[in-house]
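Coordinates in review
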Amino acid sequence: MRAQNGLEPFAHRCRVYYEDTDAGGVVYYVNYLKFMERARTERLRHLGFSQLELAGDNLLFVVHSSEARYHAPARLDDELRVTAQVTELNRASLRFVQQVWRTKDETLLCEGQFLVAAVRADTFKPRAIPPALRDAFLADGTGTQSNAGE
């Protein structure tokens with residue numbers, strides 16, 4: 001899937017380890033969510049923001065809702081490409097569309113959508129995404145922006 005601005009979505013590469021697989025020798029379904037979480041974290045790092053520094057500034061991102069569809073299994077030692085595209089930027093939330101691809105044959109393995117809320121680290125109450133982070137997402141080709149208070 002291409003980003004709406006024609007650029008490729010951000011992608012993080014990782015490998016399937018033995019610990020990621022189940023008794024059938026394939027990636028256990030919940031581990032795709034972990035791969036996607038890592039890609040979202042690396043997307044922030046790519047923009048110049050670390051989760052640790054954001055937490056120090058009283059900002060955490062928490063998953064509000066998630067949806068995943070599984071298409072084909074990944075297996076031990078497969079190299080994966082995990083995309084993390086922001087399709088909606090609200091005052092206090094981001095919507096990510098993500099995909100997990102096996103790199104050797106470009107097979108789509110899993111895709112998901114995540115609504116991630118910005119909250120205060122001390123109270124877990126919603127808070128606005130800081131302007132610098134909002135601007136970084138917009139400059140990096142985020143899909144749509146909304147001023148709706150979510």
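Residues numbered from 1 in each chain as written. Predicted model: local features only at pLDDT ≥ 70, side-chain atom pairs only at ≥ 80, totals over all residues. Heavy atoms only, no water.

You'll find the protein chain entered in an unreviewed UniProt entry as Tol-pal system-associated acyl-CoA thioesterase, with Pseudomonas muyukensis given as the organism.

**Let's talk about the overall build of the protein chain**
Put simply, the test is: Going along the chain from the N terminus, every DSSP run of H or I of four or more residues is numbered as a helix, and every run of E of two or more is numbered as a strand. In this scheme, a residue with accessible area under 20% of its type's maximum is buried, one over 50% is exposed, and one in between is partly exposed, where area comes from a 1.4 Å probe on protein chains only. Contact definition: two residues touch when any of their heavy atoms are within 4.5 Å. Accessible areas in this description were obtained via Shrake-Rupley with a 1.4 Å probe; residue shielding takes into account the shown protein chains only.
Scanning the protein chain from N- to C-terminus turns up 3 helices and 7 strands. From first element to last, N terminus to C terminus, the protein chain shows the α and β order β-α-α-β-β-β-β-β-α-β. Among the 150 residues that make up the protein chain, the fraction classed as buried is 44%. In the protein chain, once contacts between residues fewer than 6 apart in sequence are set aside, the share between residues at least 24 apart is 69%. If you sum the accessible surface of the protein chain, you get close to 8000 Å²; carbon and sulfur atoms cover 52% of it.

**Structural notes on a nonpolar patch on the surface**
As a reminder of what qualifies: Grouping into patches uses exposed residues only, defined as over 30% relative accessible area, and leaves out salt-bridged ones; the cut-off is 9 Å for like charges and 5 Å for nonpolar side chains (Val, Leu, Ile, Met, Phe, Trp, Tyr). The term salt bridge refers to a pairing of a side-chain nitrogen on Lys or Arg with a carboxyl oxygen on Asp or Glu at a separation within 4 Å.
A surface patch of nonpolar side chains, amounting to about 330 Å² of accessible area, comprises Tyr 28, Tyr 29 and Tyr 70. When you line up the elements, Tyr 29 lands in helix H1 (residues 29-46).

**A short note on the side chain of Asn 58**
Test applied: For the purposes of these results, a polar contact is taken to be a pair of N or O atoms within 3.5 Å, where, inside protein, one atom must be able to donate a hydrogen and its partner to accept one; residues adjacent in sequence count only when each atom of the pair is a side-chain atom.
Residue placement: Asn 58 occurs in the loop between helix H2 (51-56) and strand S2 (59-70). A distance of 3.0 Å separates the side chain of Asn 58 from the backbone nitrogen of Ala 121, its partner in a polar contact. At 3.0 Å, the side chain of Asn 58 and the backbone nitrogen of Asp 122 are in polar contact. Those residues in contact with Asn 58, other than ones at most four positions away along the chain, are Val 119, Arg 120, Ala 121, Asp 122 and Arg 127.

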